[in-house]
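Take a look at the letters that make up each chain.
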Amino acid sequence: MVHVYNCHPYASQQIVQVEQEPGLICCGGAALFVVATGGCKVEAYNLEQEGCPLICRFATMGTVRSILYSDIGDYLVTIEEKNSATYLRAYTNWRYQAEEKARVGVRLLGHFLRGASQRGGAQMEIIEIPLSERPVAVACCPLTGDLLVGCDKTLVLFTLRRHNQQNTPNVQQPSNSQQSASPSSDQSSNQNASILDFERSVILHLPGTKPKQVALCAGYVAVQAELEVLVLKLDANHEPNDPVPEESSEAPKDDQAEDQVDFLLLPRRQELLGARARDCDIPVSIEKTGLEDRGQNTFSYVLFRRFTPDYFQGCGVEETQLHSLKLQPLFTSGQSAVEEPTCVFCFFSLPTTGYLYSLKGGVDLVSTYQYPEKVLEAVLTDHLLHVITKNALQCFTVRCAAVAARLEDPYVDTTMRACPPCNLEVCALRMQLFIGLRSVCTYGRHVILFSAADVDAPEETERNAQRRGLSKRWTASAPKDTGAVGHGWNLYVVETVPPLTLYREMVEYSQHYAQNNQQAQSLGHLLSEAHLLLRAASLQARQPWWRGGGPAHGRPDEAELEEAFRENCAQLADCFSRGSQRHCHQALPYYRMSGQSVIDVMARNRPLPSSPHTYGPGFLFYLKHFLLEETDLHLTREAADEVIDIFSQSEPSQLVSVCASPTMVNVDPHRTLQILQHLEDSAGVSVALTITMATMTLQFDDLPQYTQLMERHAEMVLVYGFIEEPRLLLHGGGGGQHADICPTALSQQMVKSQPGLLVASMVALHENNKVHLEQVDQMFQTLGCGNSLQVDFWEATLMASSQQGVIQELLFRLSSVYIERLIHTSTDKCLHEPPTRKSLKSADDLINSCSHYGALYPWLFVLSPLHSTNFQHQEALHKMQSLLCGPSLSVGSVTPLLESLPDKTLWGFSLHILCATRRGQYDRSIEELLERCPQAIIAYANHHLQDQHMDLWWKKLLPELCNRTRTASDNRILLAALKETLVVVAMETSPAEFLELIPDDGTASYFLPHLLTCSQRHLLA
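Before going into details, it helps to say that this report is about the structure given with it. What you see is a predicted model, and the numbers here were worked out from it, not measured in a lab. (Residues numbered from 1 in each chain as written. Predicted model: local features only at pLDDT ≥ 70, side-chain atom pairs only at ≥ 80, totals over all residues. Heavy atoms only, no water.)

1. Looking at the pattern of salt bridges
A side chain with one charge can pair with a side chain of the opposite charge if their charged atoms come near. Heads up, the rule is: The term salt bridge refers to a pairing of a side-chain nitrogen on Lys or Arg with a carboxyl oxygen on Asp or Glu at a separation within 4 Å. Only DSSP runs of H or I reaching four residues or more are called helices, and only runs of E reaching two or more are called strands; each is numbered from the N terminus.
Counted under the stated rule, the structure contains 35 salt bridges. Here Arg 95 ties to Asp 74 by a salt bridge, and the two come within 2.8 Å at their closest N and O atoms. Of the two residues, Arg 95 is situated in the loop between strand E9 (85-92) and strand E10 (104-108) and Asp 74 in the loop between strand E7 (63-70) and strand E8 (75-82); the sequence distance between them amounts to 21 residues. Linking Arg 417 and Asp 409 is a salt bridge whose minimum nitrogen-to-oxygen distance equals 2.5 Å. Linked by salt bridges that have partners in common, Glu 927, Glu 931, Lys 956, Glu 960 and Arg 964 make up one network.

Below you can see the structure in the form of structure tokens.
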């Protein structure tokens, strides 16, 4: 579907005064080139001056059949005929003919003239380019100036070279920089100018098709035959390679060809995109040029499209012939001459339909143009498509800017930025009527038309127009009076209006839809067209003059474009804010791109008192997203109250989330509480709503009512309410792991009245991925409650978490805290100070409820008996000991921390023994225990010397006890330990083994009773 809008894309027109009827026209470099019908003369006219005065004229060496201009290199290339032979020639330095310098140099490709040419190209040169086949079509790359020649069965690519003035040319790499003189530059001889030449670089053989048109851009090669289009991508490997076989693609052979010679075979319609295009039946092969030092060239298939005449609908081959092939590059930023274009588009057209494809970033059909009547020729530009019929110039919008926006900006189509879709239906603007249009070309804002009226059969023209039946939707303007002319042809230069002017007309035109229905589909479509027009103009304004296709003075001001762009984004956002539910989310990015503040947006969407309309879904979506953002912006009381009114009318269920937003801190609490109470009466009691009402009571210091509201629900139920709306407790949690956290007034009150509920709520938020550990730490530090609640949170999170990374982090943090507390509470002064706030969980609570805290070993109570220190010290010691007795704490991670603990005290000594035991250092632990606290050795041995460590009883403990008992002055404790050890050894060894253990120092009698017990046990067994 094509939308039709009565906007004026064309501003004015003038007639170029040419003496003879034009046969061919082309333009570029601020010049219009005209070839007279059947003549051998080219005339160049200045498009940038009023009246298009003549620049120069020069003769060609044959009858020109095709002419093309290249901005890069400032040269013309022609296909000429003379004496039934076809030639390909390039004309360089043609601007010197304006100084009436008659000298012209003619040379072959690769050969250079002496004399004036060697002094900097002070004369026009004609370069003869020999070919083995007849040239049919030519194309120039707009980025490099390279030349592509289409012959009957081959494509030949010539690389543009620039040579210095020496006798031996200095061959350079292709340059993308613009070397041609601008229209206003001095055309005098330049001694430093380089000499242009071409070098045959690639030959492509296409035996399966006959090229009619070719195109070249950024390595893409497009070939158009009568009914098919093929696009290839050439890739050059500049590193020399070993000789490789020629790359080719064979066409599928038809085994039944001989049986079908009597039938007319019509190829089927095909559209093959990307890698699938290789399956087409057009074989392609590359011929080496002998320049192996330049590396190898490869190609890949990009696009293939074939059409067939629809004979059943009365369409013949003439109605299906393709034309107007073009590859259009589009840049988005940068001034570099070697920069790759962001997008490359391929356009081609049938007489009734045009097709626009995007080639980079995936091959896609962007737009299909349905013409109301038969189109003779079409020209694609960055922001408009100009087509000519027999009697009219028509203009269509294009979607190039939409494709470029998505390739350039990854945030397009997100909540940050938006752009109309690439598949947005195209629209046609007002047409301009002419008589007998034949051809069209464009340069910048100039559209050049050649018309030649058919005065012999006006009745036939009228009958054809009636038979086609032009659509009544098309509004046409009559051609301007061209003055009295004595011939039936004219050459027009039509000026397109500046993009900002056309944009303002589109905006004015859209007001017609806005007055009738602000939700009309055409309103959004027309504003989207204006948006893409501004994007295309902005892209053009950022490009250098030689890349933008026109002079710098004809471009819009970037500041004006930016202002218009913001205005258009606001208009589009207004349209989506009142539109359907399907596209309402588009209001958010467009309002952001418009730069409108939330107060401005609210004013734009405020319904009139007499209007029955309520707030649109897009506006509510924008407002909800704004309230969900973590921002430092605080609404005024009037604006915050208006937001409450908006949601109380439109979406009362969102009031809890609205009140929890950090931007709503200035809201009137009394008024809001009344609205929330009314919501509770109508919708019922909910936990989050109750907490929100309690928050409002805190703002006017009504603590009794606050307490009454918070006591409605059990603490665990309140925790679920905070999970539903975390911003009731803290602001900033949605900004990422390192975002700043700000506790709410409710959190500050809960520190005083309900610290356990606050800790439980924060644990629940952490386990539900609503907040990070670092953010909770920051919150408790901001609340000014020291590390007491923070440590309670760590202990509670350790009980609830199942993530190993979090568990190990918390174990290390808790170990650090416990050790720090042990150090600071071990002094005599601290031992007699009254205890500070008790922890929410005692050591016994943690041991009984958390698997990471292990039960204390019995021998620990011998080393550090109860009530030997103050409560704080004892709790920290038991918790640290419990962690070391548990299965989760990595001893290696806390060993550096334990080194700061003194081992002179028994409680410090106990932690060191625990670490040594966890590392398997039983021998060392036994020695140190016998040295420092022998009364704990049996309890230690009974607990740890079991199973695979049972042999340590007689291999380590028994010899140590024997030696120490023999030398100790007071050996009562050691003798008791020795006796207990001998009991265990007698139970676990054989008599022979026990006998080996008896020392030979004359104390065997002491061991005999235990040997007897061992023997009796052995006999019974």
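The rest of the description comes next.
2. Focus: the sheet that holds strand E16 (residues 213-217)
In plain terms, the rule: Here, strands pair whenever DSSP counts at least two bridges between them. Axes here refer to lines fitted to C-alpha atoms; in helices the fit is confined to the stretch in contact. Angles between the N-to-C directions go from 0 to 180 degrees.
Pairing is antiparallel in the open sheet, where five strands are placed in the order E16-E17-E18-E22-E20. Single-partner strands in this sheet number two, and they are E16 and strand E20 (270-273). Recorded for the sheet is a direction-independent mean angle of 25° between the axes of neighbouring strands. Pairing geometry for strand E17 (residues 220-224) and strand E18 (residues 228-237), over five bridges, is antiparallel. In the sheet register, Tyr 220 faces E18, and the bridge partner there is Lys 233.

3. What to know about the packing of aromatic side chains
The relation between two aromatic rings is expressed through the spacing of the ring centres and the mutual angle of the planes. Where we set the bar: Two rings from Phe, Tyr or Trp (for Trp, the six-membered ring) form a pair when their centres sit within 6.5 Å of each other. Planes less than 30 degrees apart are called stacked, planes more than 60 degrees apart edge-to-face, and all others tilted. Residue burial is assigned from relative accessible area. The probe radius is 1.4 Å, only protein chains are included, and a residue is buried under 20% of its type maximum, exposed over 50%, and partly exposed in between. Charges are assigned to positions over rings by a cutoff of 6 Å between ring centre and Lys NZ or Arg CZ, combined with an angular limit of 35 degrees from the ring normal.
Across all of its chains, the model carries 22 aromatic pairs by this definition. Seen in terms of ring centroids, Phe 347 and Tyr 369 are 6.4 Å apart; in terms of plane orientation they differ by 70°. Their pairing is edge-to-face. With Phe 347 in strand E24 (residues 343-349) and Tyr 369 in strand E26 (residues 364-370), this pair connects stretches of sequence that are 22 residues apart. A relative accessible area of 1% places Phe 347 in the buried class. Owing to a relative accessible area of 0%, Tyr 369 belongs among the buried residues under this scheme. With a centroid separation of 5.1 Å and 55° between ring planes, the pair formed by Tyr 591 and Tyr 622 is classed as tilted. One end of the pair, Tyr 591, is in helix H7 (residues 587-594); the other, Tyr 622, is in helix H9 (residues 617-628), and 31 residues separate them in sequence. With respect to class, Tyr 591 is no different from Tyr 622; both count as buried. In textbook terms, an aromatic cluster arises when at least three aromatic residues are bridged by ring pairs, as seen for Phe 307, Phe 348, Tyr 355 and Tyr 357. The ring centre of Tyr 87 lies 4.5 Å from the NZ or CZ of Arg 89, which sits over that ring.

4. A closer look at the pairing of strand E31 (residues 437-443)
Counting buried positions along E31 yields six of seven residues, so the element is predominantly enclosed. Looking at chain direction, E31 and strand E32 (residues 446-452) are connected through six bridges and run antiparallel. Bridging from a neighbouring strand, Thr 442 pairs with Val 447 of E32. Counting the residues between successive antiparallel strands, the hairpin from E31 to E32 contains two residues, one of them, Gly 444, with a positive phi of roughly 60°.

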